[in-house]
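This is what each chain is made of:
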Amino acid sequence: MTVLVVEDDAIILEGLQYSLMQEQYEVLTARTQAEAFGILKSSIHLDICLLDVMLPDGDGFAICREIRKNSNVPILFLTACDDEIHTVMALEQGADDYIAKPFRIRELLARMKAILRRTSGSAPESSVITVGSNQINLQTGKVYSGNEEIVLTAMEYKLLLIFLNHRGQNLSRQQILNDIWDDVGDFVNDNTLSVYIKRLRKKLGDSEENQFIKTVRGIGYRMEK
């Protein structure tokens, strides 16, 4: 399993590299935005990315946007600012999760494993599901609108699978949170879920006139059949 770590602090980077290698990860490192872009342009397959926010020549948000142009590889932000603005910014850029510095390595590893579990989450039995003009190929994990692929993050795809598995049923926000986060449910909050649902709706082309994921007042959400 290959992980890209983008971190400009040499001490933190060295510690992360050592800890991840102890967990049998193959680790690629970059200390600048330019170095990260160089790795992304190569043909190396990445299973997960850890991105620092502040870099000497840019920021992790730009790297995240570049990744999301053609990949749904899981992304976890390493941020020195544990506030709602930075959290929402990270999620809006396409991140799957974030962790505030200073962090404990065991917590980071647990979050990484949770993200990777969600990437291979369960799905309905049919191989192709249609939602409006979108087609979800469950064998490849890809989503299309016509001939154009819709790039979803691991979290967005997991959320989509939850709605598909309960199509036509009302789901409370707590039910969705429990399904998404499993045994690490304390790592997420209600506001974060709102961001994920907003992003998924936008990517699926959800609108007031053509709603796929409906808000059920006082209950939660429902994906129409």
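This is a predicted model, so every value here is computed, not measured.

Reading the values: the criteria
Residues numbered from 1 in each chain as written. Predicted model: local features only at pLDDT ≥ 70, side-chain atom pairs only at ≥ 80, totals over all residues. Heavy atoms only, no water. Helix = DSSP H or I, 4+ residues; strand = E, 2+ residues; numbered from the N terminus. Contact = heavy atoms within 4.5 Å. Pairing = 2+ DSSP bridges. Axes fitted to C-alpha atoms, helices over the stretch in contact; angles between N-to-C directions. Parallel < 35°, antiparallel > 145°, perpendicular 65-115°, else oblique. Nonpolar A, V, L, I, M, F, W, Y, C, P; charged D, E, K, R; others polar.

**Q** Hey, could you run me through the environment of Lys142 in this one?
**A** Along the chain, Lys142 turns up in strand E10 (residues 142-145). A sequence separation of 15 residues divides Lys142 from Tyr157, and the C-alpha atoms of the two residues are 8.8 Å apart. In this structure Lys142 touches Gln135, Ile136, Asn137 and Glu149, once residues within four positions along its chain are discounted.

**Q** Any chance you could explain the side chain of Thr79 here in plain terms?
**A** For Thr79, the position within the fold is in strand E6 (residues 75-79). Other than its neighbours up to four places away in sequence, Thr79 contacts Val53, His86, Tyr98, Ile99, Ala100 and Lys101.

**Q** Honestly, the sheet that holds strand E13 (residues 213-216) in this entry has me stumped. Any pointers?
**A** Read across the sheet, three strands follow the order E12-E14-E13 without closing on themselves; strand pairing throughout is antiparallel. A single partner strand is all that each edge strand has here, and the edge strands are strand E12 (171-172) and E13. As judged from the four bridges shared by E13 and strand E14 (residues 220-223), these two strands associate in the antiparallel manner. The residue bridging Ile213 from the neighbouring strand is Met223, located in E14. Along the sheet, helix H6 (residues 154-165) makes contact with E12, E13 and E14, crossing E14 at roughly 75°. Across the face of the sheet, helix H8 (residues 190-204) comes into contact with E13 and E14 while running at roughly 140° to E13.

**Q** So what exactly am I meant to see when it comes to the packing of H6 against H8 here?
**A** The angle between the axes and the distance between the axes are what describe a pair of packed helices. It is at 10 Å that the axes of H6 and H8 come closest, and there the two elements cross at 80°. In terms of their interaxial angle, H6 and H8 are classed as roughly perpendicular. Note on element contacts: H8 touches H6 through Leu193, Tyr196, Ile197, Arg199, Leu200, Lys203 and Leu204, opposite Met155, Glu156, Leu159, Leu160 and Phe163. Among the residues forming the contact of H6 with H8, the class breakdown is nine nonpolar, no polar and three charged.

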